[in-house]
Amino acid sequence: MRKQLAANISTNFKFYRRNRLILLIALFLLFILGLFSVPSLFFITTAKKFTLVQDLVSVLDEFAVFITVALGLLSISYNLRNRCLKMVITKPCSMENWLFSHFISALMVCAALFLFILVVSSVLLFIWHIPMQWGIVYVILDEFFRAMIILSYIIFLTVIFHPVLAVLVALFFQAGTFYGLTIWAKAGLEVGIVKKAYLHFLEKLFYALYMILPSMSPYSSRTRDIYLSFRVKPSEWKYLLFTFIYAVMVSVFFYFLADYFLKKRRHI
């Protein structure tokens, strides 16, 4: 099993290179670093330098999450749409092993990207004589767990939908969307413009979907100040642990769900 997993991961990395995704990552990182390094050539205050580090981490975090999701989406959809999976499972290689390798491969690239972000931000803080902020570590780990959640969700959706439709579903069908719709329905009930029975039904429906669908940032309301200040209190580290547990549970759930639907597909 380990040899099969290692072989699949190696194949996935070859796929990434052939699609020039790694080159795209490198070029984008160099562009962003150059863009944020220009202000450092001029006289700016320590507060401004710290803000630059925050902006840099924020931009690169989003890029790392985007690349991770793109890797999972493209690798799964390419193999399914081009009927490549039938050659893999006749080796033989189990569906579970093949699917797990795509999740691990994308997460390995994700981990490397976030490690790079941590190193660059730490070096900038050191060069500019700014004390190390442990909130940076917190934010990077929190974003990594968020990438796990989104990756597992998009892999599951790619198994059952066309990749374009999978992206659209992932963008709309998430807990945050239906939380906002639930608030809208409650506000409508208070105003009383629409029939109450209709809004009551919508409120219950939206709330049910809010509870069922995955949250991409489960403790965002608790960690908002950490993202703004890069300062974390000892009592706030527990939310990072909770996010990790939530990310693992969601990933395992969508992994088995994707495996189930993958076995239902025709691969020949």
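Look a little higher up for the structure.
Residues numbered from 1 in each chain as written. Predicted model: local features only at pLDDT ≥ 70, side-chain atom pairs only at ≥ 80, totals over all residues. Heavy atoms only, no water.

S.K.: For the nonpolar core, give the residues involved together with the corresponding values.
M.R.: With 71 residues, the main nonpolar core has Leu-99, Phe-114, Tyr-153 and Ile-154 as its most contacted residues. Listed by contribution, the elements that provide at least two residues to this core are helix 1 (2–18), helix 3 (46–81), helix 5 (95–127), helix 6 (134–160), helix 7 (163–172), helix 8 (175–191), helix 9 (196–212) and helix 11 (237–264). Among the elements that line this core, the one with the most residues is helix 6, at 17 residues. Apart from the residues lying within four places of it in its own chain, the contact partners of Ile-154 are Val-69, Leu-73, Ala-166, Val-167 and Ala-170. (Core = buried A, V, L, I, M, F, W, Y, C linked by side-chain atoms within 4.5 Å. Buried < 20%, exposed > 50% of the residue type's maximum accessible area, 1.4 Å probe, protein only. Helix = DSSP H or I, 4+ residues; strand = E, 2+ residues; numbered from the N terminus. Contact = heavy atoms within 4.5 Å.)

S.K.: Hey, could you go over the environment of Tyr-207 for me, with residue numbers and the actual values?
M.R.: Inspection of the secondary structure assignment puts Tyr-207 in helix 9. Assessed through its relative accessible area of 45%, Tyr-207 is described here as partly exposed. The spacing of Tyr-207 and Phe-178 is 29 residues in sequence and 6.7 Å in space, taken between C-alpha atoms.

S.K.: Can you lay out the pattern of salt bridges for me, pointing to particular residues and giving the numbers?
M.R.: Considering all chains together, one arrives at two salt bridges under this definition. For Arg-146, the salt bridge goes to Glu-143, with nearest N and O atoms at 2.8 Å. Residue Arg-146 and its partner Glu-143 are located together in helix 6, separated by three residues, close to a single helical turn. One exposure class covers both Arg-146 and Glu-143, and it is buried. (Salt bridge = Lys/Arg side-chain N within 4 Å of Asp/Glu carboxyl O.)

S.K.: Can you break down the packing of aromatic side chains residue by residue, with the values?
M.R.: Applying the stated criterion to the full structure yields 18 aromatic pairs. For the pair Phe-13 and Tyr-16, a centre-to-centre distance of 5.7 Å together with 85 degrees between the ring planes defines the contact as edge-to-face. One end of the pair, Phe-13, and the other, Tyr-16, are both in helix 1, three residues apart, so they sit about a helical turn from each other. For the ring pair Tyr-260 and Phe-261, a centre distance of 5.3 Å and an interplane angle of 85 degrees mean the geometry is edge-to-face. For Phe-261, a relative accessible area of 31% translates into the label partly exposed. These aromatic residues form a ring-pair network of at least three members: Tyr-153, Phe-156, Phe-253, Phe-254, Tyr-260 and Phe-261. (Phe/Tyr/Trp six-rings, centres within 6.5 Å; stacked < 30°, edge-to-face > 60°.)

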